[in-house]
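# Remarks on the overall topology
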Amino acid sequence: MHLNKSTPASDAFDYVIVGSGFGGSVSAMRLTEKGYRVLVLERGKRYNAEDFPKTNWNVPKFLWMPALRCFGFMGLNFLNDMLILNGSGVGGGSLVYASTHLKPGKSFFEAEEWYGLADWEAELEPHYETANRMLGVTMNPKLWAADYILKDIATELGREHTFKPTPVAIFFGEPGQTVPDPFFGGEGPDRTGCIHCGGCMVGCRHNAKNTLDKNYLYFAEKWGAEVRPEANVVDIRPLPEGQPDGARYEVVYERTTAWLFKPQTAVRTRQVVISAGVLGTLNLLLRLRDETQSLPDLSPRLGKMVRSNSEALLGVTAREESDDFSKGVAITSHFWIDEVTSVEPVRYPRGSSLMRNLAVPLTDLKGGPVRRMLGFIAYGIRHPYDLLKARILPDWARDGTILLIMQTVESRMHLSRGRNLFTLFCKGLVSERDKTLPIPAVIDAGRQVLGMFAERVNGIPQSTINEALLDKPSTAHILGGCGIGRDERSGVVDVKHELFNYPGMYVVDGSVIPANLGVNPSLTITAMAERAMSLIPPAAQPWRPQVSHHNSGHATNGHSQPQKVNVPVVVAAAAAALIPLAWAAVKLWPKKV
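My aim in this report is to walk through the structure given alongside it, one point at a time.

Cut-offs used in this document
- Residues numbered from 1 in each chain as written.
- Predicted model: local features only at pLDDT ≥ 70, side-chain atom pairs only at ≥ 80, totals over all residues.
- Heavy atoms only, no water.
- Pairing = 2+ DSSP bridges.
- Helix = DSSP H or I, 4+ residues; strand = E, 2+ residues; numbered from the N terminus.
- Contact = heavy atoms within 4.5 Å.
- Axes fitted to C-alpha atoms, helices over the stretch in contact; angles between N-to-C directions.
- Buried < 20%, exposed > 50% of the residue type's maximum accessible area, 1.4 Å probe, protein only.
- Core = buried A, V, L, I, M, F, W, Y, C linked by side-chain atoms within 4.5 Å.
- Parallel < 35°, antiparallel > 145°, perpendicular 65-115°, else oblique.
- Left-handed = near helix turned anticlockwise from the far one by under 90°.
- Nonpolar A, V, L, I, M, F, W, Y, C, P; charged D, E, K, R; others polar.

If you trace the seven strands from one edge of the open sheet to the other, you get β9-β19-β20-β22-β18-β25-β21, paired in antiparallel fashion. Either end of the sheet is taken by a strand with one partner, and the two such strands are β9 (164-165) and β21 (359-361). Sheet contacts for helix α5 (residues 145-156): β19 (333-336), β20 (341-346) and β22 (400-407); angle to β19, the most-contacted strand, approximately 15°.

For N207, which is not glycine, the phi torsion reads 65° and is therefore positive. Note on placement: N207 falls in the loop between β12 (191-192) and α6 (216-222). Phi at N458 is positive, roughly 50°, even though this residue is not glycine. Considering the arrangement of structural elements, one finds N458 in the loop between α11 (444-457) and β25 (459-464).

We now examine the environment of D444. Mapped onto the fold, D444 is located in helix α11. Using a relative accessible area of 63% as the deciding quantity, one classes D444 as exposed. Along the chain, D444 and T341 lie 103 residues apart, while their C-alpha atoms are 9.9 Å from each other.

On to the nonpolar core, then. Core analysis: the largest hydrophobic core is formed by 94 residues, its most contacted members being L31, V38, W114, I236, L285, L499 and M505. Not counting chain neighbours up to four residues away, the residues in contact with M505 comprise I236, Y249, V272, I274, L295, H497, E498 and L499. Of all hydrophobic cores here, the second largest spans 39 residues; its members include V59, F78, F172 and A330.

Moving on, we get to the packing of α5 against α11. When two helices pack together, their arrangement is given by the angle between the helix axes and the distance between those axes. The geometry of α5 relative to α11 is characterised by a closest axis approach of 10 Å and an angle of 125° between their N-to-C directions. Considering their axes alone, α5 and α11 lie oblique with respect to each other. In this structure, the crossing between α5 and α11 has a hand that is right-handed. Side by side, α5 and α11 meet where A146, I149, L150, D152, I153 and E156 of the first sit next to V449, M452, F453, R456 and V457 of the second. Its residues assigned to classes, the contact of α5 with α11 shows eight nonpolar, no polar and three charged.

So, in structure tokens, the structure goes:
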């Protein structure tokens, strides 16, 4: 295939960064600050506040499903052993995350995978402080109905001392009032006070959520970094030594939103930072090691020890209208059910009920998928109103609360490249449960709190289809797969995040996280990225752009804004709603023995 050479041999970048999430955005800002010429390649689109959908039923703008010509920012990834939610777009997961920033406990810093390689708690502490400052983290100032219910449950369990409002990366200020930058001495973009609408995870349309394009990535672009959206990296090729421009790698990408034919572009660079998120990073590196063999000497540990943060996604829908559970920021409080299990109430704004299609009323969890499906059908016959309320009737977001359960307990799986029904028999990521420490689909402590919450609101307890019917876990926080080690036999990268056997190539994202945190991981990913970038020296000859790319936080750098999609919204929404049911049907289909 013909390659468009984006950079001539005399004009290589210092760093090409793959991905613009927490790891990529931190890297882009810090490397630009140090005087390097930086290019960021992001597979998703660029979104400004006004571009986000009003509800998540606008499927083409909400879901990331390129095969259906849906180029939103929320990804639903159905692997054979797990459902994984992730983000795409300029700003990565920050576009769709709940802005919750919690520091993990001591057990994380002493995790077996990286134990003894550094005093991790001491080394990361100043970077946690920097991350909180850069992300504008503050304490959620207002509790709502779900919070008071959880506080009452915490008190009944004797755990009220652990109940706290969440630290969140949101500008509160005066609700709805726009003011000059309140975080960086006027050097950042204007911001607008949060109106507590619950829309954080549908994309903040009110300019209140501190997404990465309003801090790290904003300053990276202001100082000269170039961001190319809709650019999906497909290859990274080492170059022969002694290149006149000092380039060591050629990075090849294609336009994500192209139709059948995707022309490729190659750029030359001296160093590479891979920050494509766990699924993106592992999929790319596994392909380059095992298929194209562009990077054949990557560690055999690649794809091992992948974790789910030991999560469960549960929920309650009140049978009758009482409180409006959609009000507030996405996550407003949390408490520790026991020493290893935390719980957070999660909400969507009114009208955004698309995600209910992943859930079913929770029934008996005994037996296999067929028995569970029969139990679910029997439940629907006995309780038709519950089934209608949970699955069909309006105001699901108003009457519902999602409970995010997370644990520090060790569990894991492994990812590789292969073919199965979930990859549509094309090469893609496939999962394998660990034989000794498999990731559980049911967390008993979480089910206890779910029942107590449902009792207090006269609610219908629910779980995701795969957890309730298929005994398969779900997660919004996939971690690991590129572990930090002493050498390539024990890890994929060293303590500086540099890939073994490939000097100048780094991995900086959630794939280097060495354990389940039991809390939302974005703060830790940011702190680890800050540490990794602090270890890179300033440029010997700082590069500065001739023309600034900055345009007050709404830069496009000449690349396209989110475009209208020709697929009708209703058709795409119906297709998205059927996906989890089709997945369940595949899982329940009798297998030959």
